[in-house]
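These are the residues of each chain, in order.
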Amino acid sequence: GEDVEQSLFLSVREGDSSVINCTYTDSSSTYLYWYKQEPGAGLQLLTYIFSNMDMKQDQRLTVLLNKKDKHLSLRIADTQTGDSAIYFCAERKNQAGTALIFGKGTTLSVSS
Amino acid sequence: NAGVTQTPKFRILKIGQSMTLQCTQDMNHNYMYWYRQDPGMGLKLIYYSVGAGITDKGEVPNGYNVSRSTTEDFPLRLELAAPSQTSVYFCASGGNEQFFGPGTRLTVL
């Protein structure tokens, strides 16, 4: 199976919270990442978490890591229309020069 | 800092043509990477470099070549373009934090 799996779509209303989920398979992964991609643009690093942490908060973003279940989530509080984008989860393995393994991305659609 | 820059932004090639995608970073990163992104998919690693003069293959290297003569530059070469190489190509640099360029959209007809 795929190394990193994400649900493909999420639709929320403006002002609600969004939760994007991700599962990964390699328990030796050291860092886990969330990137945002707007249409026609490159990838913007939103946040990342080291594997010995359970949670990381950065303004409206909260990352939760359950290492036992190999589950990562990204919560966006007070979701805005500008948050509409594709969100990629990625893991960094201890190989290949620290290159990242990406999921297929979750398209977040925010309606007003 | 400009970060990671890529040229060109767009390119159309005919089957069998060759081209070089340019990538430059001004953050003095040792690690640099080339990924490709196909529609509806995540990014796949083509080649990477851990420093000037050192390169290695990633997951999907066939049909590509790279060089790393300086810390700043990491060009990707397509020798005989094929329709399967139609994709968006992203260059990235960094270690714990990887920063991506804006991408090159390549179409091979």
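Residues numbered from 1 in each chain as written. Chains lettered and ligands numbered in written order. Predicted model: local features only at pLDDT ≥ 70, side-chain atom pairs only at ≥ 80, totals over all residues. Heavy atoms only, no water.

## With respect to the interface of chain A and chain B
At step 1: Taken residue by residue, the interface counts 21 residues in chain A and 22 residues in chain B.
At step 2: Contact between chain A and chain B buries roughly 1600 Å² in total, counting both sides, with carbon and sulfur atoms accounting for 54%.
At step 3: On the chain A side of the interface with chain B, the three residues burying the most area are Leu43, Phe102 and Lys104 of chain A, jointly 24% of the side's total.
At step 4: At the boundary of chain A and chain B, one finds seven residue pairs in polar contact (both at pLDDT 80 or more).
At step 5: Of all the secondary-structure elements, those providing two or more residues to the side of chain A that touches chain B are β4 (31-37), β5 (43-50), β9 (85-92) and β10 (100-102) of chain A.
At step 6: A total of four residues in the side of chain A that touches chain B trace back to one element, the largest contributor, which is β4 of chain A.
At step 7: Of the residues contributing to the side of chain A that touches chain B, the split by class is 12 nonpolar, six polar and three charged. (Contact = heavy atoms within 4.5 Å. Buried area = accessible area lost by both parts, 1.4 Å probe. Polar contact = N/O pair within 3.5 Å; in protein donor to acceptor, adjacent residues only side chain to side chain. Helix = DSSP H or I, 4+ residues; strand = E, 2+ residues; numbered from the N terminus. Nonpolar A, V, L, I, M, F, W, Y, C, P; charged D, E, K, R; others polar.)

## Focus: the side chain of serine 51 of chain A
All names here are of chain A.
At step 1: You can see serine 51 is positioned in the loop between β5 and β6 (55-58).
At step 2: With relative accessibility at 12%, the residue serine 51 sits in the buried group.
At step 3: Ignoring anything within four residues of it in the chain, the contact list for serine 51 reads Ser29, Thr30, Leu65 and Lys67. (Buried < 20%, exposed > 50% of the residue type's maximum accessible area, 1.4 Å probe, protein only.)

## What to know about the packing of aromatic side chains
At step 1: Within the structure shown, the criterion is met by 13 aromatic pairs over all chains.
At step 2: Geometrically, the ring pair formed by phenylalanine 102 of chain A and tyrosine 35 of chain B is edge-to-face, given 5.6 Å between the ring centres and 90° between the ring planes. Taken as a pair, phenylalanine 102 of chain A in strand β10 and tyrosine 35 of chain B in strand β4 (residues 32-37) lie in two separate chains rather than in one.
At step 3: You can call tyrosine 35 of chain B buried: its relative accessible area is 0%.
At step 4: Following the ring pairs from residue to residue traces out a cluster consisting of Tyr31, Tyr33, Tyr35, Tyr48, Phe50, Phe88 and Phe102 of chain A together with Tyr33, Tyr35 and Phe100 of chain B. (Phe/Tyr/Trp six-rings, centres within 6.5 Å; stacked < 30°, edge-to-face > 60°.)

## Comments concerning the sheet that holds strand β1 (residues 4-6) of chain A
Residues and elements named next belong to chain A.
At step 1: With antiparallel pairing, the five strands of this open sheet are ordered in space as β1-β3-β8-β7-β6. Two strands close off the open sheet at either side, each with one partner strand: β1 and β6. Put simply, the sheet's adjacent strands are angled 15° from each other on average, direction ignored.
At step 2: Bridge count for β6 against strand β7 (residues 61-66) is four bridges, and the pairing is antiparallel. For lysine 56, the partnering residue across the bridge sits in β7 and is valine 63. (Pairing = 2+ DSSP bridges. Axes fitted to C-alpha atoms, helices over the stretch in contact; angles between N-to-C directions.)

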